Amino acid sequence: MKYTVSTEIALPRETVVQLLTDPAHLPKWLRGLVLHEPLNGKHGQPGTKSRVVMQMGKQKIEGTETITRWEPADLHEIPEGSVVHFDREIISKGTWSAVRERLTEAGPETTLWESESEYRFSSVMMRLVGLLMPGAFRKQSEQHMQDFKRFAEQGKDVREETD
């Protein structure tokens, strides 16, 4: 299963990249994040593996994230007109996924964030979920993107929301 979601953020690309790639900000916009800890390497370097734990309703999902691409390597003073790539592979019980993020300048103060996701399921249960509820994966990606947009543009923290 593959899909792409995107949004425009009313901030310069370099600002968006700094907010998006700083692990200290993850809990502020990544709804359901319980833990994101490096197992080896340094955050943002290709090959770095991290343990990730997410809470989805009553279910806790644990997986390993591996950074597969991070370009340019230095995210300060990004050359004008270049595309920032941040790709990762996530493996959890019954699921393999790859997420490819692209950040481009949509204007002098606007960034286009495109996120392409691909999922493969190895367990019968996850194959069934993927077959019966493919829209749930896309909806979750869109939710994370909108949560980041609110955090970046307005300083809203998902942990401070009330239901």
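Note: the structure precedes this text.
Residues numbered from 1 in each chain as written. Predicted model: local features only at pLDDT ≥ 70, side-chain atom pairs only at ≥ 80, totals over all residues. Heavy atoms only, no water.

1. Observations concerning the overall build of the chain
Helix and strand counts for the chain come out as four helices and seven strands. N-terminal to C-terminal, the α/β element order of the chain is β-α-α-β-β-β-β-β-β-α-α. Seen through its principal axes, the chain has C-alpha atoms that stretch 45 × 35 × 25 Å. For the chain, buried positions account for 39% of its 163 residues. A separation threshold of at least 6 residues defines the contact pool for the chain, and within that pool the share at least 24 residues apart is 50%. On the chain, roughly 9400 Å² of surface is accessible, and the fraction owed to carbon and sulfur atoms is 53%. If the 22 positive side-chain charges of the chain are averaged to one point and the 25 negative ones to another, these points end up 9 Å apart. (Helix = DSSP H or I, 4+ residues; strand = E, 2+ residues; numbered from the N terminus. Buried < 20%, exposed > 50% of the residue type's maximum accessible area, 1.4 Å probe, protein only. Contact = heavy atoms within 4.5 Å. Areas by Shrake-Rupley, 256 points an atom, 1.4 Å probe, with all protein chains shown as cover. Lys, Arg positive; Asp, Glu negative; His and termini not counted. Charge placed at Lys NZ, Arg CZ, Asp CG, Glu CD.)

2. Details of the pattern of salt bridges
Throughout the structure, instances matching the rule amount to 17 salt bridges. Between Glu 101 and Arg 88 there is a salt bridge; the shortest N-O distance is 2.9 Å. Residue Glu 101 is found in strand E6 (residues 95–107), and its partner Arg 88 is found in strand E5 (residues 84–92); the two are separated by 13 residues along the sequence. For the pair formed by Glu 101 and Arg 88, the shared burial category is buried. One salt bridge in this structure joins Glu 142 and Arg 138, with 3.3 Å as the shortest N-O distance. (Salt bridge = Lys/Arg side-chain N within 4 Å of Asp/Glu carboxyl O.)

3. Focus on the layout of surface pockets
By volume, the largest pocket is sized at about 1300 Å³. What lines the largest pocket is a set of 42 residues, among which Met 54, Met 56, Ile 61, Tyr 119 and Gln 140 lie closest to the centre. Each residue belonging to the lining of the largest pocket can be placed in one class, and the counts come to 21 nonpolar, 15 polar and six charged. The space that makes up the second largest pocket amounts to roughly 160 Å³. Breaking the lining of the second largest pocket down by element, the ones donating at least two residues are strand E3 (49–56) and helix H4 (134–154). Per element, the largest residue contribution to the lining of the second largest pocket is four residues, and it comes from H4. Looking at side-chain class alone, the lining of the second largest pocket contains one nonpolar, six polar and two charged residues. (1 Å grid on protein atoms, 1.4 Å probe; cavity = no way out; pocket = protein on both sides within 12 Å on 5 of 7 lines; lining within 4 Å. Points joined across faces, edges and corners; volume = space filled by probe spheres on them. Nonpolar A, V, L, I, M, F, W, Y, C, P; charged D, E, K, R; others polar.)

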